[in-house]
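# Descriptive structure summary
Each chain is listed here by its residues.
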Amino acid sequence: MQLKIKPVEVVSSIDWIDDHIRIIDQTYLPHREFFLDIFEVGRVWEAIRSLRVRGAPAIGIAAAYGVYLGVKDLPEDGMQPFHTDVERICEYLATARPTAVNLQWALDQMVKTARKMQGQPVARIKETLLELAKSIHEDDKRVCAAIGQNGQEVIPQNANILTHCNTGSLATGQYGTALSIIYHAHLQKKNIHVWVDETRPLLQGSRLTAWELEKTGVPHHLIADSMAAWVMKEKKIDLIVVGADRVAQNGDTANKIGTYGLAILARHHKIPFYVASPISSIDFDTGSGENIPIEERESDEIRFIGKQQAAPRETPVYNPAFDITPHDLITAFVTEHGIVKPVFSKNLEKLRPQQD
Ligand code: MRU
């Protein structure tokens, strides 16, 4: 079943237009729907770094197009093998953000393809890289629809659901991961209601998720992050569903800062805690969360709320953008291949893609 949300109602985070990408600049939301045309790899790096485009799958897609933008004007009779240029550009793009593995996953595919085509005409390799970026983009849409459908297994009628950060159309090629499950439940008239964590410091919950849910007519309430425990106690929360930036082989999951706290609260209140994750967010080569790099961001993201100063100018700040939820706090993963239950180290392994 395809999701029948009209494209005008769920926004497109990124589009390929003739010779460039167009993104909705998420730093302006919800005040303004501002679309940014990007023609150049340096601008792609900046857009990822500044969260103009964000969410694990969306940054993978943007980076794949970025590789093409980086190579498209390179000479076609260069002295060194073309794949070394591709590798250089991929190494550069990988530095934009360290935690979401989708970025490296998409770049690895671009490099592998360029290497395989070594010796072929450079114009042909460039064309193939663009085709690959487009197919990473299209695949993500299908994957997100499948996650939405598979997730229905864990959503009862009349469900009261809590979510964190933004995992919707803005964060992916289309529909989202955790939010795709929510959209599908809404379309199936399951009478759901969503509690949206505002997600300080950058407010992806209030700026982006509340904006998407309002556009699509999904009933919801916004809460400050500090209210989550009380809401779990006072309102009957049936389940929590969040996304993932990187899932280690044992199921430990990096996601937006605050996710770990929610998982602990969920355990205390006996609420099932689900992680919606495409295979592209699983890092099969990282054994546990201990080895997942956690991005630390600028202090002013905490000292300011938007442009409003919210702390003394020089207050020392610690600003990790993600945390790791230990696998034993996770009830199950929802993937495009179905629900994955414990033991995760064994059951996630079954999804490891075949090496070519
Ligand atoms: O810093 P962000 O906004 O890119 O963080 C995004 C998240 O943590 C999402 O939950 C995650 O990428 C999953 S999106 C489908």
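Residues numbered from 1 in each chain as written. Predicted model: local features only at pLDDT ≥ 70, side-chain atom pairs only at ≥ 80, totals over all residues. Heavy atoms only, no water.

### Comments concerning the overall build of the protein
Put simply, the rule is: A run of H or I in DSSP counts as a helix once it spans at least four residues, and a run of E counts as a strand once it spans at least two, with each numbered from the N terminus. Here the globule rule is a power law, 2.2 Å times the number of residues to the power 0.38, and the radius of gyration is based on C-alpha atoms. Type-normalised accessible area, obtained with a 1.4 Å probe on protein chains alone, sets the label of each residue: buried when under 20%, exposed when over 50%, and partly exposed for intermediate values. Only the protein chains shown count as cover for residues, and all accessible areas are computed by the Shrake-Rupley method using a 1.4 Å probe. Counting rule for charge: Lys and Arg are taken as positive, Asp and Glu as negative, and neither His nor the chain ends is counted. Throughout, a charge is located at the NZ atom of Lys, the CZ atom of Arg, the CG atom of Asp or the CD atom of Glu.
If you tally the helices and strands in the protein, you get 11 helices and 16 strands. Against the compact-globule benchmark of 21 Å for 356 residues, the protein has a radius of gyration of 20 Å, which places it among compact chains. Projected onto the principal axes, the alpha-carbon positions of the protein cover approximately 70 × 50 × 40 Å. Counting the 356 residues in the protein, one finds 57% classified as buried. Looking at the protein as shown, the accessible area adds up to about 15700 Å², and 52% of this sits on carbon and sulfur atoms. Side chains of the protein carry 39 positive and 45 negative charges; the gap between the two charge centres is 5 Å.

### Some thoughts on the domain arrangement of the protein
This is how the line gets drawn: What marks off one domain from the next here is an automatic or database domain assignment. Contact between two residues is taken to exist if any of their heavy atoms lie within 4.5 Å; hydrogens are not considered. In short, buried area is how much 1.4 Å probe accessible area vanishes from two parts on joining, totalled over both.
Entries for the protein in the domain assignment read domain 1 (14–146) and domain 2 (151–351). Of note, the centres of domain 1 and domain 2, computed from C-alpha atoms alone, are 25 Å apart. Of the residues lining the interface, 29 residues belong to domain 1; the matching set on domain 2 comes to 36 residues. The contact between domain 1 and domain 2 buries some 2700 Å² in all, and 54% of this surface belongs to carbon and sulfur atoms. When residues of domain 1 are sorted by the area they lose upon contact with domain 2, Arg54, Thr99 and Val101 head the list and together hold 22% of the total.

### Quick notes on the site of the ligand
Short version of the rule: Residues are counted as near a molecule or strand when any one of their heavy atoms sits within 4 Å of it. Identification of polar contacts relies on pairs of N or O atoms within 3.5 Å, with a donor-acceptor requirement for protein atoms, meaning one able to donate a hydrogen and the other able to accept it, and with residues adjacent in sequence counted only if both atoms are side-chain atoms. A 1.4 Å probe that fits into a set of points on a 1 Å grid over the protein atoms alone but cannot get out defines a cavity; an open set with protein on both sides within 12 Å along at least five of seven lines defines a pocket, and lining residues are those with an atom within 4 Å of a point. Being in a pocket or cavity means that more than half of the molecule's atoms lie within 2 Å of its grid points. When residues are grouped by polarity, Ala, Val, Leu, Ile, Met, Phe, Trp, Tyr, Cys and Pro land in nonpolar, Asp, Glu, Lys and Arg in charged, and all others, Gly among them, in polar.
The environment of the ligand is made up of 18 residues, and the closest members are Arg54, Arg97, Asp245, Asn255 and Lys256. Between the ligand and arginine 54, the relevant distance is 2.5 Å, taken from an oxygen atom to a side-chain nitrogen or oxygen of the residue. Glycine 55 places a main-chain nitrogen or oxygen 3.0 Å from an oxygen atom of the ligand. For the ligand, the protein covers 99% of the area, taking 410 Å² as the surface of the free molecule. With respect to the pocket detection grid, the ligand is positioned in the largest cavity. Elements supplying a minimum of two residues to the shell around the ligand: α2 (56–71) and β9 (253–256). Its residues assigned to classes, the shell around the ligand shows seven nonpolar, seven polar and four charged. Lining the shell around the ligand are residues from two domains, each supplying at least three of them: domain 1 (14–146) and domain 2 (151–351).

### Describing the nonpolar core
Defined as follows: Nonpolar cores are built from buried Ala, Val, Leu, Ile, Met, Phe, Trp, Tyr and Cys residues. Side-chain atoms within 4.5 Å join them into one set.
With 44 residues, the main nonpolar core has Ile21, Ile48, Tyr65, Phe82, Val86 and Met110 as its most contacted residues. Listing elements by their share of this core, those giving two or more residues are β1 (14–17), β2 (20–24), α1 (41–49), α2, α3 (82–94), α4 (101–116) and α5 (122–150). When residues in this core are grouped by element, the largest group, 12 residues, is from α2. The contacts of isoleucine 21, once residues within four sequence positions are left out, are Ile14, Asp15, Trp16, Leu36, Asp37, Ile38, Val44, Tyr65 and Leu69. Of all hydrophobic cores here, the second largest spans 27 residues; its members include Ala244, Val275, Ile282 and Phe344.

### Digging into the layout of surface pockets
Condition: Grid points are joined across faces, edges and corners, and a volume is the space filled by probe spheres set on the points.
One number sums up the size of the largest pocket: a volume of about 810 Å³. Forming the boundary of the largest pocket are 31 residues, of which Trp105, Gln109, Lys112, Ser280 and Pro353 lie nearest the centre. Of all elements in the fold, only α2, α4, α5 and β11 (282–283) reach the threshold of two or more residues within the lining of the largest pocket. No other element matches the nine residues that α4 contributes to the lining of the largest pocket. Grouping the amino acids of the lining of the largest pocket by side-chain chemistry returns 12 nonpolar, nine polar and 10 charged. The two domains that each donate at least three residues to the lining of the largest pocket are domain 1 (14–146) and domain 2 (151–351). The volume enclosed by the second largest pocket comes to roughly 640 Å³.

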